[in-house]
Amino acid sequence: MKLQTRHLLGLEGMSREDLTLILDTAVSFKEVLERPIKKVPPLQGKTIVNLFFESSTRTRISFELAERRLSADVVNFAAAGSSVSKGETLKDTARNIEAMKIDMVVIRHASPGAAHFLSRVVKANVINAGDGAHEHPTQGLLDMFTLREKFGRLEGIRVCIVGDILHSRVARSNIHGLRAMGAEVSVCGPATLIPRGIEQLGVKVYHRLEDVIPHTDVLNVLRIQLERQESGFFPSLREYHRYFGVTKERVAQAGHAITIMHPGPINRDVELSADLADGEHSVILEQVTNGVAVRMAVLYLLGSR
Ligand code: CP
């Protein structure tokens, strides 16, 4: 089977068939990652550039590992130290990359739409590794993979995304992907951090954790972006923790086990208590492990179209 798309720019509008194909393919690659020799040949002879215009730990390392484990040739580019710091535009950077006969481009950029733009100016397959507050599709896919592994299905599971939904590309990709697969999705956070009209994406909105905790199977806790405090989105970290911090005491109110997710990096004891982050119901490190398998699946499927 083949993907219906030659780029992975977002999960919005992606078909259930394509999402299922990626998740099923990732199952095979997860098995490869458990072998003593974790390398397979499908992308031998292909060259992939990782264009990171914004900082990243997990996504950058995970993509590079996935590419090397598929035997691709890998070139890493960071904006710091490149000609971007001399004023070169994204379009010129892209055209120079094209001139070097690159097959696939992974891009992280602060501007929403940067990956879409790139896909229009280069012949290579483009994968969005996070574009501003727009989408982070491989994070959405690895979250879905982790949940499908845990629950055996996505249909009907109840997932609440907690925190700064307004500025979150992770929230958007999770909402589109999970809804397409039949999960029930809600969001919870202060009114200032919930985009107006988000209900139109098919999610329920809560402003009190106490109201949603009894009705959810999963809390996907987002990093509170510390710089938002200065812009007045919430009064203080202490106050944010008091009303929206996910803690053992709050989760205990559910009366059933709640799976804890976080895309990282975590502000421990701000949006999520350290004991829950490291607790028996946390799948946070499984998310990181699964990220490599899911990215291998995406690279393999796009590279073999
Ligand atoms: N989850 C995520 O995107 O983390 P990084 O910013 O470290 O890549």
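How each quantity is defined
- Residues numbered from 1 in each chain as written.
- Predicted model: local features only at pLDDT ≥ 70, side-chain atom pairs only at ≥ 80, totals over all residues.
- Heavy atoms only, no water.
- Helix = DSSP H or I, 4+ residues; strand = E, 2+ residues; numbered from the N terminus.
- Expected span 1.5 Å × (residues − 1).
- Buried < 20%, exposed > 50% of the residue type's maximum accessible area, 1.4 Å probe, protein only.
- Near = heavy atom within 4 Å.
- Polar contact = N/O pair within 3.5 Å; in protein donor to acceptor, adjacent residues only side chain to side chain.
- Areas by Shrake-Rupley, 256 points an atom, 1.4 Å probe, with all protein chains shown as cover.
- Nonpolar A, V, L, I, M, F, W, Y, C, P; charged D, E, K, R; others polar.
- Domains from an automatic or database assignment.
- Salt bridge = Lys/Arg side-chain N within 4 Å of Asp/Glu carboxyl O.
- Pairing = 2+ DSSP bridges.
- Axes fitted to C-alpha atoms, helices over the stretch in contact; angles between N-to-C directions.
- Contact = heavy atoms within 4.5 Å.
- Buried area = accessible area lost by both parts, 1.4 Å probe.

Focus on helix α2 (residues 58-69)
Part 1 of the argument: The terminal C-alpha atoms of α2, which comprises 12 residues, lie 16 Å apart, in line with the 16 Å expected from a rise of 1.5 Å per residue.
Part 2 of the argument: Residues of α2 that are buried include every one of T59, S62, F63, E64, A66 and E67, and no others.
Part 3 of the argument: S71 occupies a position one or two residues after α2 and carries a positive phi of about 70°.

Examining the site of the ligand
Part 1 of the argument: All residues adjacent to the ligand are S56, T57, R58, T59, R108, H136, Q139, P263 and G264.
Part 2 of the argument: Contact distances for the ligand include 2.6 Å between an oxygen atom and a side-chain N or O atom of T59.
Part 3 of the argument: Take H136: an N or O atom from its side chain is 2.9 Å from an oxygen atom of the ligand.
Part 4 of the argument: Contact with the protein chains covers 89% of the free accessible surface of the ligand, which is 250 Å².
Part 5 of the argument: Its residues assigned to classes, the shell around the ligand comprises one nonpolar, six polar and two charged.
Part 6 of the argument: Looking at which domains feed residues into the shell around the ligand, each of domain 1 (16-134 + 290-303) and domain 2 (137-287) gives three or more.

Points about the pattern of salt bridges
Part 1 of the argument: Scanning the model with the defined rule gives 11 salt bridges in all.
Part 2 of the argument: The salt bridge involving K30 is made with E149; its shortest N-O contact spans 3.0 Å. One end of the pair, K30, is in helix α1 (residues 16-33); the other, E149, is in helix α5 (residues 137-151), and 119 residues separate them in sequence.
Part 3 of the argument: In this structure, E210 engages R250 in a salt bridge whose closest nitrogen and oxygen atoms are separated by 2.8 Å. Residue E210 is found in helix α7 (residues 209-212), and its partner R250 is found in helix α10 (residues 248-252); the two are separated by 40 residues along the sequence.
Part 4 of the argument: By relative accessible area, which is 27% here, E210 ends up partly exposed.
Part 5 of the argument: Given the relative accessible area of 13%, R250 is considered buried.

Thoughts on the sheet that holds strand β7 (residues 204-206)
Part 1 of the argument: In space, the five strands of this open sheet follow the order β7-β6-β5-β8-β9, with parallel pairing throughout. Of all the strands in the sheet, the pair left with one neighbour each is β7 and β9 (259-261). Mean inter-strand twist for the sheet, computed between neighbouring axes without regard to direction, equals 25°.
Part 2 of the argument: With four bridges joining them, strand β5 (residues 158-162) and strand β8 (residues 218-221) adopt parallel strand pairing. Along β8, the bridge assignment pairs I161 with N220.

Section: the domain arrangement of the protein
Part 1 of the argument: Taken as a whole, the protein is organised into domain 1 (16-134 + 290-303) and domain 2 (137-287).
Part 2 of the argument: For domain 1 versus domain 2, the separation of C-alpha centres amounts to 26 Å.
Part 3 of the argument: With 26 residues of domain 1 at the contact, the number on the domain 2 side is 26 residues.
Part 4 of the argument: Carbon and sulfur atoms supply 57% of the area that domain 1 and domain 2 bury against each other, a total of about 2,000 Å² over both sides.
Part 5 of the argument: Per-residue buried area on domain 1 facing domain 2 is highest for R16, L23 and N290; these three make up 30% of the total on that side.
Part 6 of the argument: Seen at the junction of domain 1 and domain 2, the total is four salt bridges.

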